Amino acid sequence: MTELQNKKILIVDDEPQLLRLVSDILYRRGYYNLFTAGDAAAALALAREQKPALFLLDVNLPDADGFALLEELREFSRAPAIFLTARGEGPDRVRGLGLGAEDYIVKPFLAEELALRVEGLLRRVYAPKPERRFFALSAAAVDLDSAAVIREGREVSLTAKEYILLKKLWENKNRVVTNDALCLAAWGEDYYGFENTLMVHIRRLRKKIEADPSRPEHLLTVKGLGYRLVVRDE
Amino acid sequence: MNKTALKIFFLFSLTAALLATFLLVVNFMSVGFIGSDRSGSSPKALANLIGDQLEDGDYGGAAALVPEDCWCLLIDGGGDALWSVNLPADVPTHYSLGDVARLTRWYLNDYPVYVRTIDEKLVIYGTPKNSVGKYDIIYSMKWFERLPQRILTVLLLNLALALTLALIFGAGLYDKLRALMDGLENLKAQREVNLPERGLFGEIFGGLNSAAGLISRKNAALAARDTARSNWVSAISHDIRTPLSLIMGVSEELAADPALSPENKKKAGLITGQALKIRKLIEDLNLISSLEYDMQPSRLAPVKLCPLLRRTAAELVNGCPDFAPELDLRNEGAAVMGDESLLERAVFNLLNNSLVHNPAGCAIRVTEYVSGRSAVVEIADGGSGVPPEALENLDKMPRSGHGMGLPMAWRIVRAHGGTFEARNDGGLKIRITLPLM
């Protein structure tokens, strides 16, 4: 984590107070290598000099728009970028233009949203080795890294589909994951008609991770919608 | 619309033809009226009168009745003259049976004559040469029997002819009428109207053209105003977003400040919460504004309804674990062409409405099925329903940010060519149909 927090971040916004706000939010979360610029020219100069690891760009700048700035930045930097947009239609435009921004945040945003996006993006780009994906349930422990369930000291391996389903559920732990999302993860775009197969896989998963598969405590059915993996805070 | 022109054209032609036929009948009767010769007393009547006098033996009286230029002759059964008045020299005084037969109907030495019998005798009354034309008209009884039929046939033929002529000469009028109707149609549809401003209809066409021009200019002005308003809304909301970011950021910062008293932290949290509400309002405002002025969803793609319904319901369940909607999705494959995020927004609004407006909790049921060429989605809750005026004003822009959920869902569904019904019936019952792909 500290390694990620040491990454250089360039924040570009024409509103000085917002610039300070964003810096403060990130600074308070341990990001100390922050650079700020109020316009595209200053941003380009700073980027050449400091070679930041992440760009946070406002779409509206006095001397250029953020999309144009990113294009220029891309000429010498492959660092990921997040757009800050104040437009209602911003997300569509950012998505539609496909200008190489990795993410976007619509103003106004909560500090936590911003921090999560920055952390997530840094992690995705610079820390390909994720943290250990291991979690304990009441009757068993799951080690997603080795696709195995450790139960009463014995290791039971997960099948490929079980692994995909459990991983998807764990990534959205304590939230409902719809049948559609699970089928999409396991069988791809053409998942239509796999609902029954999904039920079979869920049943097998329960046998592996639940104390009493007929009365599940962790892998719960949400009737008509999908499933929820209940995991207590580690 | 051209049907109307055709109708007018036919009615016009028919009227013209009927008028022509009516005129014919009137003329027929007038001919009869004019044709009857009533110039003075008729020679035939005079001949009769003279005969009466002679029968009474009043020869003097009879002679007095004969006009100067006419003559009268009385012959006996043997053909010899008994008495005469003004008898011209070229009129014989003895007649054979053949002479009598010839003269009774026609002429006597070119004198038009009228006869009358008195017992064995014959009165011949002559008028000046070339004063009268005499024609013999003979018809069989059959002819008389068939006369009504003939008249009817003639009248019908006349009518047909008149109609044909009216149609032929009316064709030009029909063209004009059609152009006029097309013009009116275009005017009604607020399209461009460009009719030739010449000829009989020139002025009418000119009037139509300028009316259409007026409407299109007005529409352009309205559209410009709408666009301006829409742009204004998005510009304002754009301008609000940055200061709102600061408010939210700073209040969050305050709430996290350890130096602050718990009470003040709570206040800071309140500011953040209110700022979040403003953010939601701005988003709704933008969406409503774009739906208002730009009714076509811009990004159309096939949307499967069932995954969308499940995903939206799951989202709400995640936000509110007590929420337990009952889903009855009967047609898993139903798909519509639409803007997925907008449709999701509509469903979210409706479910969220039921959730928020019934804080005590209520049963919420989502049913989906296919009926004909439409996918039907029913969202029913067992809650307290909504005020009737909210149901009546679904199509109107809400006057405040409150209660935008229903009108927004209504707009989204309508923008997708669907129907939206909402009623209170032991809770709020909503029925949406969307055209299937």
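Residues numbered from 1 in each chain as written. Chains lettered and ligands numbered in written order. Predicted model: local features only at pLDDT ≥ 70, side-chain atom pairs only at ≥ 80, totals over all residues.

Brief notes about the overall build of chain B
Then step 1. Helices and strands together make up the secondary structure of chain B, namely 12 helices and 12 strands.
Then step 2. For chain B, the residues scored as buried account for 25% of the 437 residues in total. (Helix = DSSP H or I, 4+ residues; strand = E, 2+ residues; numbered from the N terminus. Buried ≥ 20, exposed ≤ 12 C-beta atoms within 10 Å, placed from the backbone.)

Here's the deal with the overall build of chain A
Then step 1. Secondary structure summary: chain A contains 9 helices and 12 strands in total.
Then step 2. For chain A, the proportion of its 234 residues judged to be buried stands at 32%.

Some points on the sheet that holds strand β7 (residues 326-329) of chain B
Residues and elements named next belong to chain B.
Then step 1. On the basis of which strands lie adjacent, the open sheet formed by 5 strands has the order β7-β9-β10-β12-β11 and mixed pairing. Of all the strands in the sheet, just β7 and β11 (419-424) have a single pairing partner and so form its edges. Each strand of the sheet is rotated relative to its neighbour by a mean of 10 degrees, with strand direction disregarded.
Then step 2. Bridge count for β11 against strand β12 (residues 428-435) is 6 bridges, and the pairing is antiparallel. Bridged to F420 within β12 is I432. (Pairing = 2+ DSSP bridges. Axes fitted to C-alpha atoms, helices over the stretch in contact; angles between N-to-C directions.)

Describing the environment of S234 of chain B
Residue and element names in this part refer to chain B.
Then step 1. Looking at the secondary structure, you find S234 in helix α7 (residues 202-255).
Then step 2. Owing to 18 C-beta atoms within 10 Å, S234 belongs among the partly exposed residues under this scheme.
Then step 3. Measuring from C-alpha to C-alpha, the distance between S234 and E283 comes to 9.7 Å, with 49 residues separating the pair along the chain.

Quick notes on the nonpolar core
Then step 1. Judged by nonpolar contacts, the single largest core of 59 residues is most densely connected at Y227 of chain A together with L305, A346, A409, I412 and V413 of chain B.
Then step 2. Judged by nonpolar contacts, the second largest core, of 36 residues, contains I9, L10, A43 and I105 of chain A. (Core = buried A, V, L, I, M, F, W, Y, C linked by C-beta atoms within 7 Å.)

Some remarks on the sheet that holds strand β8 (residues 148-151) of chain A
All names here are of chain A.
Then step 1. Across the sheet, which stays open at both edges, the 4 strands sit in the order β6-β7-β8-β9 with antiparallel pairing between neighbours. The outermost strands of the open sheet, each flanked by one partner alone, are β6 (134-136) and β9 (154-157). The mean angle between the axes of side-by-side strands here comes to 20 degrees, regardless of whether they run parallel or antiparallel.
Then step 2. Here 4 bridges tie β8 to β9, and the two strands are oriented antiparallel to one another. Across the sheet, residue I150 finds its bridge partner in β9, namely E155.

Brief notes about the interface of chain A and chain B
Then step 1. Tallying the contact residues gives 23 residues for chain A and 26 residues for chain B.
Then step 2. Those elements that provide at least two residues to the side of chain A that touches chain B are α2 (16-28), β10 (176-178) and α8 (179-187) of chain A.
Then step 3. Examining the composition of the side of chain A that touches chain B, we find that 5 residues originate from one element, α2 of chain A, more than from any other.
Then step 4. Looking at side-chain class alone, the side of chain A that touches chain B contains 11 nonpolar, 6 polar and 6 charged residues. (Contact = placed C-beta atoms within 7 Å. Nonpolar A, V, L, I, M, F, W, Y, C, P; charged D, E, K, R; others polar.)

Thoughts on the pairing of strand β2 (residues 81-85) of chain B
Residues and elements named next belong to chain B.
Then step 1. Examined bridge by bridge, strand β1 (residues 71-75) and β2 share 4 bridges and lie antiparallel to one another. Residue pairing for β2: C72 is matched across the bridge by V85.
Then step 2. The antiparallel pairing of β1 with β2 creates a hairpin that spans 5 residues between the two strands, and G79 there sits at a positive phi of about 95 degrees.

So, the packing of helix α10 (residues 340-357) of chain B against helix α12 (residues 405-415) of chain B
Residues and elements named next belong to chain B.
Then step 1. As a packed pair, α10 and α12 sit with axes 9 Å apart at the nearest point and diverge in direction by 150 degrees. On the basis of their axis angle, the class for α10 and α12 is roughly antiparallel. Here α10 runs over α12; the crossing is left-handed. Packed against α10, whose contacting residues are L342, L343, R345, A346, N349, L350, N352 and N353, the element α12 presents G405, L406, M408, A409, I412 and V413 at the interface.
Then step 2. Among the residues forming the contact of α10 with α12, the class breakdown is 9 nonpolar, 4 polar and 1 charged. (Parallel < 35°, antiparallel > 145°, perpendicular 65-115°, else oblique. Left-handed = near helix turned anticlockwise from the far one by under 90°.)

Some remarks on the environment of L434 of chain B
Then step 1. Within the element layout of this structure, L434 of chain B appears in strand β12.
Then step 2. Considered as a pair, L434 of chain B and H416 of chain B are 18 residues apart in the sequence and their alpha carbons are 7.0 Å apart.

Concerning the confidence of the model for chain B
Then step 1. Per-residue pLDDT for chain B averages 84, and the proportion of residues at 70 or more is 95%.
Then step 2. Of the two predicted TM-score estimates for the complex, the pTM is 0.59 and the ipTM is 0.73. (pLDDT = per-residue confidence, 0-100.)

Considerations on the packing of α2 of chain A against α7 of chain B
Then step 1. With their axes 10 Å apart at the nearest point, α2 of chain A and α7 of chain B run at an angle of 35 degrees to one another. Considering how the two elements wind past one another, α2 of chain A and α7 of chain B form a crossing that is left-handed. Contacts between α2 of chain A and α7 of chain B involve Q17, L18, L21, D24 and I25 of chain A from the former and T242, S245, L246, G249, V250 and E253 of chain B from the latter.
Then step 2. Here the residues of the contact of α2 of chain A with α7 of chain B are counted per class, giving 5 nonpolar, 4 polar and 2 charged.

Looking at the confidence of the model for chain A
Then step 1. On average, residues of chain A carry a pLDDT of 86, and 91% of them reach 70 or more.
Then step 2. When the elements of chain A are averaged for pLDDT, helix α5 (residues 90-97) of chain A gives the smallest value, 50, and strand β1 (residues 9-12) of chain A the largest, 94.

Brief notes about the pairing of β12 of chain B
Residue and element names in this part refer to chain B.
Then step 1. As paired strands, strand β10 (residues 374-381) and β12 are joined by 7 bridges and run antiparallel to one another. Of the residues in β12, the one forming a bridge with V376 is T433.
Then step 2. Counted along the chain from β11 to the antiparallel partner β12, the turn is 3 residues long, and its residue G426 has a positive phi close to 65 degrees.

Side note on helix α6 (residues 147-188) of chain B
Residues and elements named next belong to chain B.
Then step 1. The axis of α6 is deflected most strongly, by about 45 degrees, at A171.
Then step 2. Buried residues of α6: A162, A166, K176, L177 and G183, and no others.
Then step 3. Just downstream of α6 lies Q190, where phi reads positive at about 60 degrees. (Bend = angle between axes of the 7 residues up to and from the residue.)

Some words on unusual backbone geometry
Then step 1. Residue P108 of chain A is bonded to the preceding K107 of chain A through a cis peptide linkage, with omega at -5 degrees.
Then step 2. You can see P108 of chain A is positioned in the loop between β5 (103-106) and α6 (111-126).
Then step 3. Residues other than glycine seldom take positive phi values, yet A147 of chain A does so here, at roughly 50 degrees.
Then step 4. Relative to the helices and strands, A147 of chain A resides in the loop between β7 (141-143) and β8.
Then step 5. Under the C-beta neighbour-count criterion, A147 of chain A is labelled partly exposed, with 17 such atoms within 10 Å.
Then step 6. At N86 of chain B, a position not held by glycine, the phi torsion is positive, near 50 degrees.
Then step 7. Examined against the element boundaries, N86 of chain B turns out to sit in the loop between β2 and α4 (97-105).

Structural notes on the environment of N349 of chain B
Then step 1. The residue N349 of chain B is located in helix α10 in this model.
Then step 2. In sequence terms N349 of chain B and A409 of chain B are 60 residues apart; their C-alpha atoms lie 6.7 Å from each other.

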